[in-house]
Structures are given as C-alpha cells and as structure tokens.
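The lines below spell out each chain.
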Amino acid sequence: MLKRQDELEVDYNRWAIPYVDLITLMLAVFVVLYASARLKSDDQSSLSELMTEEAMTEADGNATSGPQAHGLDQPNTIEEPLNNLPLKQSVSLVMRDELILKLISDLENHFPSFLKEEQIVLKQDDASISVELESSILFESGESQPSQFAVALIKQLCHFLSSFEAPIRVEGHTDNIPIFNRRFPSNWELSAARASAIVRLMVDEGVSPERLSAVGFGEHQPLYDNTTLEGRRKNRRVSIRVFR
C-alpha cells in the first residue's frame, strides 16, 4: 500500500516539467519572430535610402551631361519662386525639377528683358507648375490672333513641354474692362479664344492634343488690383499650366 501512495505523489507533480519547457519554447519563438521583424524593417529602410540616393545621383548626372531642355512653373493657391523649388525624393520629380531649372536658363538666354519686366513669370503650387505670359506680348488689344513673337515664344516653350507626359491646361484671363464688339460679346469669349489659339500653336509644335485643354476665365480670377493700370495689365494674361 505504501508503494502505491508514493507512486500517486509522483504522478501529481509530473506536469510541472513539460509546462515549464512549453513556456520556455514559446518565449524563444516570440524572441526569434521579434528579432526577425526588426531585421526585415531595418533592411527595407536601408534599401529604400540606398535606392533614393542612387536615383538622385543618376538625375544629377543626366542634368550635367544631357542635352539642354526647358522647364516651367505655375501659379495658384500656394505660389513660390521656381528658384526655391525643393528637391523631390523620387526620380520623376527630381528630373522634373532639373528640367524646370533648364527652362529658367533657356528663357533667360532668349527673353531676358521679358523676364525682367515680369511679362513672363514662372510660378508653382502643390498641384502644378506654370508659365504666365502677359497678353500684350502675345496678342493685339482685343484680338485673339497670336503675334509673330507669340509663335516664336510658344515654339521655344514646346521644346520643354514635350518632355512631360502630364496634362497641360491653357488658361485665358482678362482685366475687368468690358469688351464690346461683334466677335467677342464679353471677356469670357475673348479669354477662351486666346487660350484656344495658344493650344493650336502647341499642337502645331508637336504637343499631343490628348494632353491639352483650353479654358477662359474672363476677368473672374484676377491676381492683381484691377483698379490700377499696372494691375489690369498684369491680369491680362495666358497661363500654361502643367499638372504634376
């Protein structure tokens, strides 16, 4: 009977050893999984940083050794000068910034006085970049037929625009002085006709029509004070807007 009692006591305590082993094994598994996850995260971060550095290096190499292109910038809600355009952390945006800087250089070489007088202005916002052209250098007063200078200027810009695949919208704007003639009953029609005329020139220079649209805003989106001569002159403009 004594022997039987000893055996029962051993049976009650036997579960403790495999339980401790199981807990130890589970703890070891969780440690391995945690270490593996951290290692994978660190490797991915290092790989991402390496790819970004290589992409930026390649873009810089293309900028110094490739043919000269042309770039542009745009106006709207948050506008800032193109010279302060921050370096983007992706290949496409880095290369686009390089093209913009080349456009600035190209315009400075061919049309320095117009840039100085702000008859050609490059701007940008979060959605797009644009070139704003004062209407007086593109059209006669009250007309929508582009001048010879407008043809030469648009031809120069199209060398740059062909480097982009993004949509391009040409926007016509006027001051708030009403127009009264048979062809243009209001500034709506005048601004739309001018935008359309610039689009036709761009198509003639090889820009894909599928990328282009024309819109007339009339006097309803002024950037300057329409109560002054200078403000009205600057509000009469055509904006070539390239979306990012």
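Only a predicted model underlies this, so the values are computations on that prediction, with no experimental measurement involved.

Trainee: So what's going on with the pairing of strand β4 (residues 212–216)? Which residues, and what values?
Mentor: Pairing analysis gives 5 bridges linking strand β3 (residues 168–173) to β4, with the strands arranged parallel. Its bridge partner being in β4, Ile-168 is matched across the sheet by Leu-212. One crossover worth recording links β3 to the parallel β4 by way of helix α6 (residues 187–204), and it is right-handed.

Trainee: Quick one: what's the story with the pairing of strand β1 (residues 120–124), residue by residue and with numbers?
Mentor: Consecutive side chains of a regular strand alternate in pointing toward one face of the sheet and then the other. In terms of burial, β1 is largely enclosed, as 5 of its 5 residues are buried. Because side chains alternate across β1, one face comprises the buried residues Ile-120, Leu-122 and Gln-124, and the other comprises Val-121 and Lys-123, equally buried. Between the end of β1 and the start of strand β2 (residues 128–134), which pair antiparallel, lie 3 residues.

Trainee: Before we move on, can you summarise unusual backbone geometry with the specific residues and values?
Mentor: Of note in this structure, Glu-118 is not a glycine but carries a positive phi near 60 degrees. As for its position among the elements, Glu-118 is in the loop between α4 (112–116) and β1.

Trainee: Residues and numbers for the packing of aromatic side chains, please.
Mentor: Under the defined criterion, the tally for this structure stands at 3 aromatic pairs. Between the aromatic rings of Phe-111 and Phe-149, the centroid separation amounts to 5.6 Å while the plane-to-plane angle is 80 degrees, which identifies the pairing as edge-to-face. Of this pair, Phe-111 sits in the loop between α3 (91–110) and α4 while Phe-149 sits in helix α5 (residues 148–161); the two residues are 38 residues apart in sequence, bridging distant segments of the chain. For Phe-149, a relative accessible area of 24% translates into the label partly exposed. Ring-pair connections join several aromatic residues into one group, and the members of that group are Phe-111, Phe-114 and Phe-149.

Trainee: Would you mind going over the nonpolar core in detail, with residue names and values included?
Mentor: Ile-198 and Met-202 are the most contacted members of the largest nonpolar core, which totals 35 residues. Of all the elements in the fold, those that place two or more residues in this core are α3, β1, β2, α5, β3, α6 and β5 (237–243). Considering every element that reaches this core, the biggest residue donor is α5, with 7 residues. For Ile-198, the contacting residues outside a window of four places in its chain are Leu-138, Phe-139, Ile-154, Val-170, Val-238 and Ile-240.

Trainee: So what's going on with the pattern of salt bridges? Which residues, and what values?
Mentor: By the definition in use, this model includes 11 salt bridges. The partner of Glu-132 in a salt bridge is Arg-237, with the nearest N and O atoms 3.9 Å apart. Of this pair, Glu-132 sits in strand β2 while Arg-237 sits in strand β5, and the two are 105 residues apart along the sequence. The same class applies to Glu-132 and to Arg-237, which are both buried. Where salt bridges share partners, they join Glu-118, Glu-134, Glu-230, Arg-233 and Lys-234 into one cluster.

Cut-offs applied
- Residues numbered from 1 in each chain as written.
- Predicted model: local features only at pLDDT ≥ 70, side-chain atom pairs only at ≥ 80, totals over all residues.
- Heavy atoms only, no water.
- Pairing = 2+ DSSP bridges.
- Helix = DSSP H or I, 4+ residues; strand = E, 2+ residues; numbered from the N terminus.
- Right-handed = clockwise from strand over helix to strand, strands pointing away.
- Buried < 20%, exposed > 50% of the residue type's maximum accessible area, 1.4 Å probe, protein only.
- Phe/Tyr/Trp six-rings, centres within 6.5 Å; stacked < 30°, edge-to-face > 60°.
- Core = buried A, V, L, I, M, F, W, Y, C linked by side-chain atoms within 4.5 Å.
- Contact = heavy atoms within 4.5 Å.
- Salt bridge = Lys/Arg side-chain N within 4 Å of Asp/Glu carboxyl O.

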